[in-house]
Amino acid sequence: MHGTPVQDHRSPFIRYVARALPPHYASQEQLIEALRGVWAQRHFNIERLEELHRAVQVGGRHLAVPLETYPSLETFQQRNDTWIRESTVLSEAVVRRALEGARLTPADVDHVFFITVTGISTPSIDARLANLLSFREDFKRTPIFGLGCVAGTAGVSRAADYLRAFPTHTALVVSTELCSLTLQREDLSIPNIIASGLFGDGAACAVLRGAEAPEPKGPRVVASRSVFYRDTERIMGWDVVDSGFKVVLSAKVPQLVKDHIRGNVDGFLAAHGLKREDIRHWVAHTGGPKVLQSFEEALELPSDALARSWASLREVGNLSSASVLFVLGETLEKAGAKPGDYGLMMALGPGFCAEMVLLQW
């Protein structure tokens, strides 16, 4: 079956994916030391902090602002104002990089899907980008908030749906997550400690073009599927409290993956005449070691199938919605995909839900 085209003539394509990281970087050891100073005063078990941080297998993370700046960001407003400023800067940089890589200009952009779950801004950041980049006045805007880690894959899916209706158009999927600005220093719960060791900051921009746009270069978005798991609202998300976003992160996530993802993937692929063995490129969200291991076990993947996801986790941490786009960008650049190859993007997030996108080169 491998190599047999399944897309129709309307399938849009992914022209380019750019990634950007803030200039400030801290190793995991530096972050542990900084948090030790905060939480030791609260009589927290520091050995447990270090154990949890090292268990997530993250080597270090890029930060929105210098490490020494965070103690001065005491209120939700201070952190959110910083988020607006820094996410605008990082988003502009990644969009410029993406358009350059795709050999396009801001005037070519018809629709911007802006994704985040780490800050609030009205007007949303895409409006600020319109002024900075001089998008056409008739460009469309779709800000997406609340999908969390799953939103990178969902954004590609929604952009592809739009481009099937407007096959000459160009859409950007811009994901900017500054997770470090959501840390709750007062929260000594295990989920918050794990989040403080796992999540990092970064931005990605995918350029998608409709089937009738010039230069149809890159993998086609053949199909997508969303899966909603009922009565799982407390598995992952935020509690919005006086001090900002307080993480909700259940230990049940890896088991949910094991219970559902195999059937979800097999059903999706079967609908297009495919099996797991037909997938040559796996593009998985870097949800953490246990999530990646659950993907591997449930889908019976070869040991190197998720190598790019593991590497991204080690190098920059979990970037929430941007993570899967980072892995997609690496795949486009380095996988050496051949015409006819299939790829599968997949991610999980608040809802609790899964998103899958079938690609073909």
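The residue count restarts for each chain, going from 1 along the sequence in the order it is written. With the structure being a predicted model, the display of local features is reserved for residues of pLDDT at least 70 and the display and counting of side-chain atom pairs for 80 or more, all residues being used for whole-chain, interface and lining totals. Neither water nor hydrogens contribute to the side-chain values; these are computed over all heavy atoms in the structure.

Participant: Which residues make up the packing of helix α3 (residues 76-102) against helix α4 (residues 125-133), and what values go with them?
Facilitator: A pair of packed helices is characterised by two quantities: the angle between their axes and the separation of those axes. Where α3 contacts α4, the axes come no closer than 10 Å and their chain directions differ by 55°. It follows that α3 is oblique to α4 by the angle criterion. Handedness of the crossing formed by α3 with α4: right-handed. Taken together, the residues of α4 that come into contact with α3 (itself represented by Trp83, Ile84, Ser87, Thr88, Ser91, Glu92, Val95 and Arg96) are Ile125, Arg128, Leu129, Leu132 and Leu133. Of the residues contributing to the contact of α3 with α4, the split by class is 7 nonpolar, 3 polar and 3 charged. Note on method: axes are straight lines fitted to C-alpha atoms, helices fitted across the in-contact stretch only, with angles between N-to-C directions ranging 0 to 180 degrees. Going along the chain from the N terminus, every DSSP run of H or I of four or more residues is numbered as a helix, and every run of E of two or more is numbered as a strand. Reported orientations rely on four angle classes, namely roughly parallel under 35 degrees, roughly antiparallel over 145, roughly perpendicular from 65 to 115, and oblique for the rest. Put simply, a crossing is left-handed when the front helix is turned counterclockwise from the back one by less than a right angle, and right-handed when it is turned clockwise. The contact criterion used is simple: two residues touch if any of their non-hydrogen atoms lie within 4.5 Å. For this scheme, ten residues count as nonpolar: Ala, Val, Leu, Ile, Met, Phe, Trp, Tyr, Cys and Pro. Four count as charged, namely Asp, Glu, Lys and Arg, and the remainder, Gly too, count as polar.

Participant: Which residues make up the UniProt feature "active site" (unreviewed entry) in the protein chain, and what values do they have?
Facilitator: UniProt positions are given in the numbering used here, feature names are shortened, and annotations may be inferred rather than shown by experiment. Feature annotation in UniProt assigns "active site" (unreviewed entry) to the following positions: Cys149. Within the secondary structure, Cys149 is located in the loop between β5 (140-145) and α5 (151-165). The class of Cys149 is buried, set by a relative accessible area of 6%. Setting aside residues no more than four positions away along its own chain, Cys149 makes contact with Phe199, Met236, His285, Asn318, Ser320, Ser321, Ala347, Leu348 and Pro350. Only protein chains enter the calculation, and the probe is 1.4 Å; a residue is then buried if its accessible area is under 20% of its type maximum, exposed if over 50%, and partly exposed in between.

Participant: Explain the domain arrangement of the protein chain to me, using residue names and the numbers behind them.
Facilitator: What fixes the domain bounds is an automatic or database domain assignment. Parsing the protein chain into structural domains produces domain 1 (15-209) and domain 2 (218-360). Computed over C-alpha atoms only, the centres of domain 1 and domain 2 are separated by 18 Å. With 57 residues of domain 1 at the interface, the matching set in domain 2 holds 49 residues. The term buried area denotes the loss of accessible surface (1.4 Å probe radius) that occurs when two parts are joined, taken as the sum for both partners. Across the domain 1/domain 2 interface, buried area totals approximately 3900 Å², and carbon plus sulfur atoms make up 64% of it. Area buried by domain 1 at its contact with domain 2 is led by Arg19, Cys149 and Thr153, which between them contribute 18% of it. N or O atoms within 3.5 Å of each other form a polar contact, as long as, within protein, one can give a hydrogen and the other can take it, and as long as residues adjacent in sequence are counted only when both atoms are side-chain atoms. Summed over the shared surface of domain 1 and domain 2, the result is 17 residue pairs in polar contact (both at pLDDT 80 or more). Mapped by element, the contributors of at least two residues to the side of domain 1 that touches domain 2 are β1 (13-20), β3 (60-63), α3, α5, β6 (170-178), α6 (190-198) and β7 (201-209).

Participant: Kindly report on the UniProt feature "domain: Chalcone/stilbene synthase C-terminal" (unreviewed entry) in the protein chain, identifying the contributing residues and their values.
Facilitator: Mapped onto this structure's residue numbering, the UniProt feature "domain: Chalcone/stilbene synthase C-terminal" (unreviewed entry) falls at residues 225-360. Helix makes up 38% of residues 225-360 and strand 28%. Its end C-alpha atoms lie 15 Å apart.

Participant: Mind laying out the pairing of β7, listing which residues take part and the relevant values?
Facilitator: Among the 9 residues of β7, 9 are classified as buried, and the element is accordingly described as predominantly covered. Alternating positions in β7 separate into two faces, Asp201, Ala203, Cys205, Val207 and Arg209 on one and Gly202, Ala204, Ala206 and Leu208 on the other, with burial throughout. In the sheet, β1 pairs with β7 via 7 bridges, with the strands oriented antiparallel. From the neighbouring strand, Ala18 faces β7, where its bridge partner is Cys205. For two strands to count as paired, DSSP must find a minimum of two bridges between them.

Participant: Which residues make up the packing of helix α1 (residues 28-39) against α6, and what values do they have?
Facilitator: Contact pair α1 / α6: the axes reach a minimum separation of 10 Å and the direction vectors enclose 145°. Our pair here, α1 against α6, has a crossing hand that is right-handed. The residues of α6 that touch α1, namely those facing Gln28, Leu35 and Trp39, are Asn192, Ile193, Ser196 and Gly197. Along the lines of polarity and charge, the residues of the contact of α1 with α6 split into 3 nonpolar, 4 polar and no charged.

Participant: So what's going on with unusual backbone geometry? Residues and values would help.
Facilitator: In this model, Thr122 is joined to Pro123 through a cis peptide bond whose omega is 5°. Looking at the element boundaries, Pro123 is found in the loop between β4 (111-116) and α4. The amide bond that connects Gly351 to the next residue, Phe352, takes the cis arrangement and shows omega of -10°. Inspection of the secondary structure puts Phe352 in the loop between β12 (342-349) and β13 (353-360). Even without being a glycine, Gln57 presents a positive backbone phi close to 60°. You will see that Ser320, though not glycine, has its phi angle at about 55°, which is positive. Considering the arrangement of structural elements, one finds Ser320 in the loop between α9 (307-316) and α10 (322-334).

Participant: Account for the packing of aromatic side chains, with residues named and values stated.
Facilitator: Aromatic rings from Phe, Tyr and Trp, taking only the six-membered ring of Trp, are treated as a pair when their centres fall within 6.5 Å; an angle between ring planes under 30 degrees marks them as stacked, one over 60 as edge-to-face, and anything in between as tilted. All chains considered together, the criterion is met by 7 aromatic pairs. Taken together, a centroid distance of 6.3 Å and an interplanar angle of 40° make the contact between Phe145 and Phe245 tilted. Here the residue Phe145 occupies a position in strand β5, and Phe245 occupies one in strand β10 (residues 244-249), the gap between them amounting to 100 residues. On the accessibility criterion, Phe245 (3% relative accessible area) is buried. Grouped by ring-pair contacts, the aromatic residues Phe76, Phe145, Trp238 and Phe245 constitute a single cluster. Positioned above the aromatic ring of Phe166 is the side chain of Lys140, whose terminal nitrogen or guanidinium carbon lies 5.4 Å from the ring centre. Only Lys NZ and Arg CZ are tested; either one counts as a charge over a ring when it is within 6 Å of the ring centre and within 35 degrees of the ring normal.

Participant: Tell me what's going on with the nonpolar core, and back it up with residues and numbers.
Facilitator: Membership of the largest hydrophobic core comes to 43 residues, with the highest contact counts inside it found for Val265, Trp282, Phe295 and Met346. Contributing elements (two or more residues each) for this core: α6, β8 (220-228), α7 (253-270), β11 (279-284), α8 (289-299), α9, β12 and β13. Looking at this core element by element, the count peaks at 7 residues for α7. Both domain 1 (15-209) and domain 2 (218-360) contribute no fewer than three residues apiece to this core. In this view, Trp282 contacts Val265, Arg276, Leu299, Leu301, Ala305, Leu306, Leu344 and Met346; residues no more than four positions away in its chain are not counted. Definition used in this section: a nonpolar core is a set of buried Ala, Val, Leu, Ile, Met, Phe, Trp, Tyr and Cys residues joined via side-chain atoms within 4.5 Å.

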